[in-house]
Amino acid sequence: MTDDRLAALERRLQRLEDEREIVQLLTTYGPLVDSGCADEVAAIWTEDGVYDNDVIVMTGRDEIRAMVRSASHQGFIAGGCAHFNGPVSVQVDGDTAIAVTHSLMVLHEDGAFRVNRATANHWQLRRTDEGWRATVRTGRLLDGAELARSEEHTSELQSPMYLVCRLLLEKK
């Protein structure tokens, strides 16, 4: 095998390993937050990471921990809740990456389960000494608002992944 082919294979393998690590990181959010594991949830983000879910903006791991430990979130856990995050679409560019997911928050109420929130999520990530970590997670409700129904996109943002990114960025 030539040096060029070996280098190309190493780059492809690194990209696949990076994508897998990011998918693993993002899909841990649901089980961790539903278990009340505040430190582990906060560790998904960098120390100064931002979580903007359109209800509240949390900056830094301490604020994310506080959300998990809050009375309202503990009430969700006590009543029964499940956060589903996926499927994950990842684009790695060196030591940064963008991921797009949909998430559902399911609550148990009156003996039945119902979807409380359906959200489109845009994640910005960075490779750190701890591994891949989120720098920003922006979530926007898929509530039928005009923005979510828009058919207009630029040619650069035609793919489904970039459509969600564009919708999230326009909401800001």
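This section reports on the structure supplied with the text. (Residues numbered from 1 in each chain as written. Predicted model: local features only at pLDDT ≥ 70, side-chain atom pairs only at ≥ 80, totals over all residues. Heavy atoms only, no water.)

**Examining the overall build of the protein**
Part 1 of the reasoning: Along its length, the protein carries 7 helices and 7 strands.
Part 2 of the reasoning: Listed by position from the N terminus, the elements making up the protein come as α-α-α-β-β-α-α-β-β-β-β-β-α-α.
Part 3 of the reasoning: Put simply, the protein has 172 residues, and 37% of those count as buried.
Part 4 of the reasoning: Of the contacts made within the protein by residues no fewer than 6 positions apart, 52% connect residues no fewer than 24 positions apart.
Part 5 of the reasoning: Surface exposure of the protein reaches about 9,900 Å², of which carbon and sulfur atoms provide 53%. (Helix = DSSP H or I, 4+ residues; strand = E, 2+ residues; numbered from the N terminus. Buried < 20%, exposed > 50% of the residue type's maximum accessible area, 1.4 Å probe, protein only. Contact = heavy atoms within 4.5 Å. Areas by Shrake-Rupley, 256 points an atom, 1.4 Å probe, with all protein chains shown as cover.)

**Some thoughts on helix H1 (residues 3-27)**
Part 1 of the reasoning: Under the 1.5 Å per step criterion, the end-to-end length of H1 is 36 Å for 25 residues, consistent within 8% with the ideal 36 Å.
Part 2 of the reasoning: Burial in H1 covers these residues: Asp18, Ile22, Leu25 and Leu26.
Part 3 of the reasoning: Next to the buried residues of H1 lie helix H2 (29-34), strand E3 (81-85), strand E4 (89-93), strand E5 (96-109), strand E6 (112-128) and strand E7 (131-141). (Expected span 1.5 Å × (residues − 1).)

**Observations regarding helix H4 (residues 61-69)**
Part 1 of the reasoning: For H4, the full list of buried residues reads Arg61, Ile64, Arg65, Met67 and Val68. The buried side chains of H4 occupy one side of the element, clustering within an arc of 155° when seen end-on.
Part 2 of the reasoning: Where the residues of H4 are buried, they touch H2, helix H3 (38-42), strand E1 (45-52), strand E2 (57-59), helix H5 (71-79) and E7. (Arc of directions from axis to C-beta.)

**A word on the nonpolar core**
Part 1 of the reasoning: Trp45 and Leu125 are the most contacted members of the largest nonpolar core, which totals 24 residues.
Part 2 of the reasoning: Taken together, the elements giving at least two residues each to this core come down to H1, H2, H3, E1, H4, E5, E6 and E7.
Part 3 of the reasoning: Sequence-distant contacts of tryptophan 45, that is, excluding residues within four places in its chain, are made with Tyr29, Val50, Tyr51, Arg61, Ile64, Trp123, Arg133, Ala134, Thr135 and Arg137. (Core = buried A, V, L, I, M, F, W, Y, C linked by side-chain atoms within 4.5 Å.)

**Quick word on the packing of H4 against H5**
Part 1 of the reasoning: Relative to each other, H4 and H5 sit at 50°, their axes nearing to 5 Å. Considered as vectors, H4 and H5 are oriented oblique to each other. Between H4 and H5, the contacting residues are Met67, Val68 and Arg69 on the first element and Ala71, His73 and Gln74 on the second.
Part 2 of the reasoning: Class assignment of the residues belonging to the contact of H4 with H5 gives a composition of 3 nonpolar, 2 polar and 1 charged. (Axes fitted to C-alpha atoms, helices over the stretch in contact; angles between N-to-C directions. Parallel < 35°, antiparallel > 145°, perpendicular 65-115°, else oblique. Nonpolar A, V, L, I, M, F, W, Y, C, P; charged D, E, K, R; others polar.)

**Structural notes on a nonpolar patch on the surface**
Part 1 of the reasoning: On the surface, Phe84, Leu104 and Val115 cluster together into a nonpolar patch covering about 270 Å² of accessible area.
Part 2 of the reasoning: Taking the relative accessible area as the measure of exposure, valine 115 reaches 47% and is therefore partly exposed. (Patch = residues over 30% accessible without salt bridge, like charges linked within 9 Å, V, L, I, M, F, W, Y side chains within 5 Å. Salt bridge = Lys/Arg side-chain N within 4 Å of Asp/Glu carboxyl O.)

**Describing the layout of surface pockets**
Part 1 of the reasoning: The calculated volume of the largest pocket comes to roughly 440 Å³.
Part 2 of the reasoning: Along the wall of the largest pocket there are 23 residues; nearest its centre are Tyr51, Asn53, His83, Met105 and Arg117.
Part 3 of the reasoning: Secondary-structure elements contributing two or more residues to the lining of the largest pocket are H2, H5, E3, E5 and E6.
Part 4 of the reasoning: Among the elements that line the lining of the largest pocket, the one with the most residues is E6, at 4 residues.
Part 5 of the reasoning: Here the residues of the lining of the largest pocket are counted per class, giving 11 nonpolar, 10 polar and 2 charged. (1 Å grid on protein atoms, 1.4 Å probe; cavity = no way out; pocket = protein on both sides within 12 Å on 5 of 7 lines; lining within 4 Å. Points joined across faces, edges and corners; volume = space filled by probe spheres on them.)

**What about the packing of aromatic side chains?**
Part 1 of the reasoning: This structure, assessed with the given rule, holds 4 aromatic pairs.
Part 2 of the reasoning: With centroids separated by 6.1 Å and ring planes inclined at 90°, the aromatic side chains of tyrosine 29 and tyrosine 51 adopt a geometry described as edge-to-face. Placement of the pair is tyrosine 29 in helix H2 and tyrosine 51 in strand E1, with a sequence separation of 22 residues. The residues tyrosine 29 and tyrosine 51 share a single accessibility class, namely buried.
Part 3 of the reasoning: Grouping aromatic residues by their ring pairs yields a cluster made of Tyr29, Trp45, Tyr51 and Trp123.
Part 4 of the reasoning: We note arginine 137 situated over the ring of tyrosine 29; from NZ or CZ to the ring centre the distance is 4.7 Å. (Phe/Tyr/Trp six-rings, centres within 6.5 Å; stacked < 30°, edge-to-face > 60°. Lys NZ or Arg CZ within 6 Å of the ring centre and 35° of its normal.)

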